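# Report on the structure
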Amino acid sequence: MSNTHFRTCHLCETMCGIAVEYEGDQILSIKGDVYDVLSRGNICPKATGLQDVHTDPDRLRKPIKKINGEWLEISWKDAFQEVGSRLAEIQRRDGMNAVASYEGRSTAHNLGCLLMVDPLRRFMGTENIYTASTVDQQPHNFVWYFMLGHQFMATIPNLDRTDYYLMLGTNPKVTNGAQMATGANTYKKLQAIRKRGGKVLLIDPRRNETAPYCDEHHFIKPATDALLLIGLIKTVFAKGLATPGRLKNHITGWEKIEPAISEFDLEEIANATGIGAADIERIAIEFASAKSAICYGRTGLSMQEFGGLCNWLMQVLNVVTGNMDEPGGMMFPKTAIDTFSVLESVKGNYGRYHSRVSGRPEFADELPVSVLAEEIMTPGKGQIKGLIAIAGNPALAMPNGKLLEEALDQLEFMVSIDPYLNETSRHADIILPAVGPFEKSHYDLFYHTYDTINWAKYSPALFKPEAPGYTDYEIIAEVLRQVVVKRASNPLKKLFAQSLGWLLLKTITPELILDLGLRFGPYGKGLNPFKEGLSLKKLKENPHGVFISKLQRSLPEGLFTKDKKLHLAPEILLSDLPRLKQRWLSGEPEKPSEFDLLIVSRNTNRTLGWMHNSLRLVKGKETCTLLIHPDDASRRKIIDNTYVTVSSVTGSIEVLVKISDVMMPGVVSMPHLWGHTRPGTRLSVANAHPGASMNDITNEKVMDELTGNAVVNGVPVKVEASKDARVGDTTPAHENETIEEFIA
Ligand code: SF4
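Residues numbered from 1 in each chain as written. Predicted model: local features only at pLDDT ≥ 70, side-chain atom pairs only at ≥ 80, totals over all residues. Heavy atoms only, no water.

On to a negative patch on the surface, then. Side chains of D265, E267, E268 and E281 sit close together on the surface and give a patch of like negative charge. Tracing the backbone shows E268 in helix 10 (residues 266–273). The class of E268 is partly exposed, set by a relative accessible area of 35%. (Patch = residues over 30% accessible without salt bridge, like charges linked within 9 Å, V, L, I, M, F, W, Y side chains within 5 Å. Areas by Shrake-Rupley, 256 points an atom, 1.4 Å probe, with all protein chains shown as cover. Salt bridge = Lys/Arg side-chain N within 4 Å of Asp/Glu carboxyl O. Lys, Arg positive; Asp, Glu negative; His and termini not counted. Charge placed at Lys NZ, Arg CZ, Asp CG, Glu CD. Helix = DSSP H or I, 4+ residues; strand = E, 2+ residues; numbered from the N terminus. Buried < 20%, exposed > 50% of the residue type's maximum accessible area, 1.4 Å probe, protein only.)

Rendered as structure tokens:
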């Protein structure tokens, strides 16, 4: 007889509720949970792939060690001891910085990993901390830190109440939200805005899948979004439409904005961006005159040369039109577990130390992942010799992945905490796999900070793992315990480390932390048994989640700046404006180059990089394709559905081409995180649907100089018909169907 288990899909920040029908230890189906307080039954195809991860024979269940090039299973005890000894030995001999850690994107979706991020940083004591954030997220965090005082004080578009929605570099129809609509099927929210008389606009170098749900779409030249935003802000001031609204007495730097952008000319902006001056003026006036409005941008803005400026200017536009912390504008959730206040250490900091080789400043205790390879490969004091890689695949995710792979091979010791033998973990000495997705509990400790409503939900483990079976929390805790004990210089310190490890592992469970966090959070019941409020028990009694409220105004009290003011014009952001002007408006003509097209990345709704071993998600027509405008294709004698060579200063790849006028002329696009062509992985499904890695042609040396974020969008490339032009599939790809189409 079957049962139904309710939980949150942890694959992305959209946090959809899923209903998992199961019998014994078999999953029969995964559907949207219609009673989920956030998503109301909406899901995307990716959630169904969780079933494949659960049963995947390629998923590791036991630790494996590379011995003479062969992977052999070893016991957990031996694995932990060896990892501890090797890492401790490196740190004792070469200093704490000689061991680095890399935390992948899925760390943020994993309760155990998240709870261990802070202890990992404290106990490893290294400045060499790298995460996937510096590939796609850092500009957001950087701007929130300098403007609002906390790197995770996310501005959330209040879509349900807005009248005017201006999107840049984003595709919610496919990504299902990402900070804008936790709960999937964002396009329905866009439809609702238009239905109630509002307006929706999209600015993107590709007329992407969201465009049909918008009133207007405008092409924009990659990496010029900051200019467009300046054009909009200039117009708002020039037309006398700027207003701080309710926050009038709580903003600093207002007077600096107009002078700072005065040298940017609207006609020049129009020429550089490709959007006419009349359109820029009209959009600015409409935006500022709307009852409520939101300017929002995502990875198209953050994964580019001016990511920091883009994210700042976007917030400036919201503030100077009175749309910050207002219903229908940008708002802030109040999470049930107040991670912001509890962990002062995660608030953010900047420039306290720099990377050893190229002197890049840290932000929030992280160095740009683009410098990881040089930090491993450059000899000298502080050279990285050991690495702990957690839940990530930087070989495909970070610029110039091939160089990183060369670097990984030079490490003295590497441990991967990962369920797969993938393109990155194949370089490890030992892989420690955590239990499967349904064998551990889940709470979106981090992504509740992106909430579009105030709510909370806990997902218990559904199945018991095969013994012994460790969660990510337990694995990282034990690795830390082993390292600290083995690194200790005297018996007293060893004893302390042993006790601490015992405490972490035996008494301080994730559930205990969650219960305390909920009880002492803003909606908690504390320790009073008679008080109404949240506790873990309450969440367990409500498997579809607990709705608390719509988003409420929260400024200025909610600000984390010392003076409780919103800092509209931080010096560090103002000082980056000349770089933007010099890049696009210097008056000098662009030098001719063989790399005469710009490439941008795109997402597909079936896959995430770490879900490519799910057959139901990757089967069918090839989706890792290069899109090119018909004019660009014809000039290069490129034929639709053939393989082309895409080259940059970094390298070249072969990819199937699709000719389409959805692309802006001069711009091409392909999905990232593909390229399962490396030997020695254990990914039987992904290897059969390999695609090509966009990060084999991105350049680790080019980054947003302000935030250190990698540049994936706007990379100059050359596209040529391959010499032996193979023909690809000529039928349309499955790309980006709805969940209903996917199931059909
Ligand atoms: S949008 Fe898809 S992947 Fe993201 S949480 Fe919802 S179902 Fe999961």
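Bringing the sheet that holds strand 1 (residues 3–8) into the picture now. Either a parallel or an antiparallel arrangement is found when strands of a sheet pair, and the pairing is made through backbone hydrogen bonds. Across the sheet, which stays open at both edges, the 3 strands sit in the order 1-2-3 with antiparallel pairing between neighbours. Only two strands of the sheet have a single partner each, and these edge strands are strand 1 and strand 3 (26–32). The mean inter-strand angle of the sheet, taken between neighbouring strand axes irrespective of direction, is 25°. Pairing of strand 1 with strand 2 (residues 17–23) involves 6 bridges; the strand directions are antiparallel. Bridge pairing links T8 to G17 in strand 2. (Pairing = 2+ DSSP bridges. Axes fitted to C-alpha atoms, helices over the stretch in contact; angles between N-to-C directions.)

This paragraph deals with the site of the ligand. The full set of residues close to the ligand is C9, L11, C12, T14, M15, C16, I43, C44, K46, A47 and N176. Of the residues belonging to the shell around the ligand, the class tally is 8 nonpolar, 2 polar and 1 charged. (Near = heavy atom within 4 Å. Nonpolar A, V, L, I, M, F, W, Y, C, P; charged D, E, K, R; others polar.)

A few words now on the pairing of strand 26 (residues 652–659). Sheet topology places strand 24 (residues 625–628) next to strand 26; 4 bridges connect them, and they run parallel. Looking at strand 26, one finds that L626 is bridged to V657. Note that strand 25 (residues 643–647) and strand 26 share 5 bridges and pair antiparallel. Bridge assignment links V646 to a residue of strand 26, and that residue is I653.

With that settled, consider the nonpolar core. Counting residues in each nonpolar core, the largest one holds 145 residues, and the members touching the most others are L166, W312, L432, Y443 and L566. Residues lining this core come from more than one domain, with at least three contributed by each of domain 1 (3–55) and domain 2 (158–335). Excluding its chain neighbours within four sequence positions, the residues that come into contact with W312 are V143, M147, I257, L568, A569, P570, L573, L574 and L577. With 54 residues, the next largest nonpolar core counts V135, L404, L411 and L421 among its residues. (Core = buried A, V, L, I, M, F, W, Y, C linked by side-chain atoms within 4.5 Å. Domains from an automatic or database assignment. Contact = heavy atoms within 4.5 Å.)

A separate point is the packing of aromatic side chains. All chains considered together, the criterion is met by 18 aromatic pairs. Arranged with centres 5.2 Å apart and planes meeting at 50°, the rings of F142 and F363 form a pair that is tilted. Of this pair, F142 sits in helix 5 (residues 138–148) while F363 sits in strand 16 (residues 361–363), and the two are 221 residues apart along the sequence. A relative accessible area of 0% means that F142 is categorised as buried. One aromatic cluster is present, built from ring pairs that chain together F142, Y145, F146, Y350 and F363. When the ring centre of Y187 is taken as origin, the NZ or CZ atom of K173, which lies over that ring, is 5.0 Å away. (Phe/Tyr/Trp six-rings, centres within 6.5 Å; stacked < 30°, edge-to-face > 60°. Lys NZ or Arg CZ within 6 Å of the ring centre and 35° of its normal.)

Next up on the list: unusual backbone geometry. The omega angle of the peptide bond from A467 to P468 is 0°, so this bond is cis rather than trans. Tracing the backbone shows P468 in the loop between strand 20 (453–456) and helix 18 (472–487). A cis amide bond links L555 with the next residue in sequence, P556, at an omega value of 10°. Along the chain, P556 falls in the loop between strand 21 (546–550) and strand 22 (566–567). Positioned with a positive phi, N400 is a non-glycine residue whose angle comes to about 55°. Mapped onto the elements, N400 comes out in the loop between helix 16 (394–397) and helix 17 (401–409). Phi angles above zero are rare outside glycine, and K637 is one such case at about 55°. Of note, K637 is situated in the loop between helix 25 (630–635) and strand 25. For K637, a relative accessible area of 69% corresponds to the exposed category.

Side chains of W502, L503, I508, L512, L516, F520 and L527 sit close together on the surface and give an oily, nonpolar patch of about 700 Å² of accessible area. Elements represented by at least two residues in the nonpolar patch include exactly helix 19 (491–507) and helix 20 (510–519). Structurally, L512 can be placed in helix 20. The exposure class of L512 is partly exposed, given its relative accessible area of 36%.

On inspection of all chains with the given rule, the structure shows 49 salt bridges. Between E700 and K701 there is a salt bridge, with its nearest N and O atoms 3.9 Å apart. Judged by relative accessible area, which is 9%, E700 ranks as buried. Within this structure, E89, R93, D94, K385 and E412 form a network of salt bridges that share partners.

Side-chain direction in a regular strand flips from residue to residue, so the side chains alternate between the two faces of the sheet. Most of strand 23 (residues 597–602) sits out of view: 6 of its 6 residues are buried. Looking at chain direction, strand 23 and strand 28 (residues 715–721) are connected through 3 bridges and run antiparallel. Note that in strand 28 the partner of I599 across the bridge is V715. The sheet contact formed by strand 23 and strand 27 (residues 667–671) spans 5 bridges and is parallel. Bridge assignment links I599 to a residue of strand 27, and that residue is V668.

Time to look at the layout of surface pockets. The space that makes up the second largest pocket amounts to roughly 640 Å³. If you trace the second largest pocket, you find 26 residues lining it, with R583, F595, L598, G714 and P716 closest to the centre. Mapped by element, the contributors of at least two residues to the lining of the second largest pocket are helix 23 (577–584), strand 23 and strand 28. Taken together, the residues of the lining of the second largest pocket break down into 14 nonpolar, 6 polar and 6 charged. Both of domain 2 (158–335) and domain 3 (586–743) provide at least three residues apiece to the lining of the second largest pocket. (1 Å grid on protein atoms, 1.4 Å probe; cavity = no way out; pocket = protein on both sides within 12 Å on 5 of 7 lines; lining within 4 Å. Points joined across faces, edges and corners; volume = space filled by probe spheres on them.)

One pass over the structure, following the stated rule, counts 0 disulfides. Cysteine C295 shares no disulfide, and the gap to the nearest cysteine sulfur, in C310, comes to 9.7 Å. The class for C295 is buried, based on a relative accessible area of 0%. (Disulfide = S-S within 2.5 Å.)

Okay, the domain arrangement of the protein chain next. Along its sequence, the protein chain is organised into domain 1 (3–55), domain 2 (158–335) and domain 3 (586–743). Just the C-alpha atoms count here: the centres of domain 1 and domain 2 sit 33 Å apart.

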